[in-house]
Amino acid sequence: MAQQYNNPNAQNIKKRYAVLVFIKGSTAPLVLYVKDAQSLYDEIIEKMQAPKPLLIEKDTEGPIKKACFISNQVSAVAIQEEQYV
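Everything numeric in this text was worked out from a predicted model, so none of it was measured.

A.B. asks: Looking at this structure, how should I read the overall build of the protein chain?
C.D. replies: Across its full length, the protein chain holds two helices and five strands. Secondary structure elements of the protein chain occur, N-terminal to C-terminal, as α-β-β-α-β-β-β. By the burial criterion, 22% of the 85 residues in the protein chain qualify as buried. The contacts of the protein chain with a sequence gap of at least 6 include a subset with a gap of at least 24, amounting to 57%. On the protein chain, roughly 6,100 Å² of surface is accessible, and the fraction owed to carbon and sulfur atoms is 50%.

A.B. asks: Before we go on, may I ask you to explain the nonpolar core in this structure?
C.D. replies: Grouped burial of nonpolar side chains is what soluble globular proteins tend to show. Among the nonpolar cores identified, the biggest contains twelve residues, and these are Val 19, Val 21, Leu 32, Val 34, Ala 37, Leu 40, Ile 44, Ile 56, Ala 67, Phe 69, Val 74 and Val 77. Contributing elements (two or more residues each) for this core: strand S1 (14-23), helix H2 (37-48), strand S4 (66-70) and strand S5 (74-84). In terms of residue count, H2 provides more of this core than any other element does, three residues in total. Those residues in contact with Leu 32 that lie beyond four places of it in its chain are Ala 18, Val 19, Val 21, Leu 40, Thr 60, Ile 64, Ala 67 and Phe 69.

A.B. asks: Would you mind showing me how to read the sheet that holds S1 here?
C.D. replies: Sheets are built from strands paired through backbone hydrogen bonds, the pairs being either parallel or antiparallel. Within the open sheet, the three strands sit side by side as S2-S1-S5. Their pairing is antiparallel. Two strands close off the open sheet at either side, each with one partner strand: strand S2 (30-33) and S5. Across this sheet, the average inter-strand angle for adjacent strands is 30 degrees, counted without regard to direction. Note that S1 and S2 share four bridges and pair antiparallel. Looking at the pairing, Ala 18 lines up with Tyr 33 of S2. Contacting S1, S2 and S5, H2 crosses the sheet at an angle of about 175 degrees to S5.

A.B. asks: What is the right way to read the side chain of Glu 82 from this model?
C.D. replies: Considering the arrangement of structural elements, one finds Glu 82 in strand S5. Filtering out sequence-adjacent residues up to four positions away, Glu 82 remains in contact with Lys 14, Lys 15, Arg 16, Ala 18 and Tyr 33.

A.B. asks: Help me out: how do you make sense of the environment of Leu 30 in this one?
C.D. replies: Tracing the sequence through the fold places Leu 30 in strand S2. In the structure, Leu 30 is positioned 37 residues away from Ala 67 in sequence and 8.4 Å away in space, judged by C-alpha atoms. Among all residues touching Leu 30, those that are not within four sequence positions of it are Val 19, Leu 20, Val 21, Ile 23, Ile 64 and Phe 69.

What counts and how
- Residues numbered from 1 in each chain as written.
- Predicted model: local features only at pLDDT ≥ 70, side-chain atom pairs only at ≥ 80, totals over all residues.
- Heavy atoms only, no water.
- Helix = DSSP H or I, 4+ residues; strand = E, 2+ residues; numbered from the N terminus.
- Buried < 20%, exposed > 50% of the residue type's maximum accessible area, 1.4 Å probe, protein only.
- Contact = heavy atoms within 4.5 Å.
- Areas by Shrake-Rupley, 256 points an atom, 1.4 Å probe, with all protein chains shown as cover.
- Core = buried A, V, L, I, M, F, W, Y, C linked by side-chain atoms within 4.5 Å.
- Pairing = 2+ DSSP bridges.
- Axes fitted to C-alpha atoms, helices over the stretch in contact; angles between N-to-C directions.

In structure tokens form, the structure reads like this:
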């Protein structure tokens, strides 16, 4: 924390948000970078509550360029804030 005050690049620190999708049986979550993380989070939650399994397919901006999964295979969803320069 003290380094942040002594760091000349501290004012260049930006925040980005990722949606983490935890798939049943997988050890690591899908980390999806999108422009509107809250919107994607809400969409996934809504589709998880649907009575029938739904296909979720998204184009993303991070290392994963496109993701596709079935709504009934999602065990949890989270929004993660990351800081970068």
